[in-house]
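# Report on the structure
The lines below spell out each chain.
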Amino acid sequence: MASTDTSVDAPHKDGSDLAGLEAGLDALDSVEVSRTPLRQTLLRKILPPVVAVTLVLVAWQLLVWAKVAPDYKLPSPAAVWDEVETAWLQGTLLDYIWTSVSRGLLGFLLALAIGTPLGLLVAQFAFVRAAIGPILSGLQSLPSVAWVPPAVIWLGLNDSMMYAVILLGAVPSIANGLVAGIDQIPPLFLRAGRTLGATGLQGAWHIVLPGALPGYLAGLKQGWAFSWRSLMAAEIIASSPDLGVGLGQLLENGRNNASMSQVFLAIFLILLVGIAIDLLIFSPLERRVLRGRGLLVKS
């Protein structure tokens, strides 16, 4: 009677399975992060927005030629470009942009300095969360333009009023984003940090903030969006020679002058600044965070 002896084959099979598993893990760890070729970058990142902008301009010009609206309501792309050239030759184009951008960035940094510790307090202490958590959520949903009239009455027509409106619009978003990020940290990480002695400020800096970084970064992006929108609302409503002419005031001047080409110029500059801030600041930060967590292979 023949019998089959598998006592030798079984350990060999288990060993080969373990070797295959280790090889697979090594392959995952050894994925090289290579730079995307220039041609591929142009095709994937540069060409699509260029094509989109071109199509928008073509459609816009077709609407002008079709006379769907009078020229004073729908100016041609050439008329808006003439406004750009005029502002550039007069030396005011960069002044419009810098007046608003400098206010927006400084206001956002102030909101960051206030919203970050506030978010830590709300996330770490149940009493603080119960007390002001709903208030932060309510403030986040309140339109920023609602703060302009009381800010003008309280502070007058000056830069302090602008910064107050920015803070009231941006701080709740930054704080809530950090709270959401902290809530998503695995409890095991926090316990491990406390076991290693990372408590208090050390725990917040080395454990909590890095663990909450994705949600915190999302809150920062939303906070910047609220900062920029709040500033534009304040500049449109509150005008004074002491405040200078920012992009919001340029938009309001175009309305007062019944110049749609100037209105379109202001809208495009506001949009351009928002896109530039996202591409130059927040997109690189997002890629760095994702790459550091192994969620982004190619750069």
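Look up: the structure comes first, before these words.
### Observations regarding the overall build of the protein
On a plain count of helices and strands, the protein comes out with twelve helices and zero strands. Tracing the protein from N to C terminus, the helices and strands come up as α-α-α-α-α-α-α-α-α-α-α-α. Within the protein, buried positions represent 34% of all 299 residues. Summarising the internal contacts of the protein: among those between residues at least 6 apart in sequence, 71% fall at separations of at least 24. Per element, the accessible surface of the protein, about 18,400 Å² overall, is 68% carbon and sulfur.

### Points about the pattern of salt bridges
All told, the structure shown has seven salt bridges when counted by the stated rule. The partner of glutamate 235 in a salt bridge is arginine 103, and the shortest N-O contact between them spans 3.0 Å. Highlighted residues: glutamate 235 in helix α10 (residues 213-237) and arginine 103 in helix α4 (residues 93-124), separated in sequence by 132 residues. Arginine 103 shares its class with glutamate 235; the two are buried. A salt bridge links aspartate 278 to lysine 221; its shortest N-O distance comes to 3.5 Å. Taken together, the residues span a long stretch of sequence, with aspartate 278 in helix α12 (residues 260-292) and lysine 221 in helix α10 at a distance of 57 residues. Where salt bridges share partners, they join Arg103, Asp159 and Glu235 into one cluster.

### Quick word on unusual backbone geometry
Within the chain, lysine 67 stands out as a residue other than glycine whose phi angle is a positive 60°. Although it is not a glycine, alanine 258 sits at a positive phi angle of roughly 55°.

### Focus on the packing of aromatic side chains
Aromatic ring pairs are reported here in terms of the distance separating the ring centres and the angle at which the planes meet. Tallied over the entire structure, the rule returns six aromatic pairs. When the centroid spacing of 6.2 Å and the interplanar angle of 85° are considered together, the rings of phenylalanine 108 and phenylalanine 282 count as edge-to-face. Here the residue phenylalanine 108 occupies a position in helix α4, and phenylalanine 282 occupies one in helix α12, the gap between them amounting to 174 residues. Owing to a relative accessible area of 10%, phenylalanine 108 belongs among the buried residues under this scheme.

### With respect to helix α5 (residues 126-141)
With 16 residues, α5 should cover 22 Å at 1.5 Å per step; its first-to-last C-alpha distance of 22 Å lies within 8% of that length. Bending of α5 peaks at approximately 45° at the position of isoleucine 132, with proline proline 134 no more than four residues after it. When α5 is considered as a whole, its buried residues turn out to be Gly133, Leu136 and Gln140. Those residues of α5 hidden inside the fold are in contact with α4, α7 (159-183) and α10.

Basis of the calculations
- Residues numbered from 1 in each chain as written.
- Predicted model: local features only at pLDDT ≥ 70, side-chain atom pairs only at ≥ 80, totals over all residues.
- Heavy atoms only, no water.
- Helix = DSSP H or I, 4+ residues; strand = E, 2+ residues; numbered from the N terminus.
- Buried < 20%, exposed > 50% of the residue type's maximum accessible area, 1.4 Å probe, protein only.
- Contact = heavy atoms within 4.5 Å.
- Areas by Shrake-Rupley, 256 points an atom, 1.4 Å probe, with all protein chains shown as cover.
- Salt bridge = Lys/Arg side-chain N within 4 Å of Asp/Glu carboxyl O.
- Phe/Tyr/Trp six-rings, centres within 6.5 Å; stacked < 30°, edge-to-face > 60°.
- Expected span 1.5 Å × (residues − 1).
- Bend = angle between axes of the 7 residues up to and from the residue.

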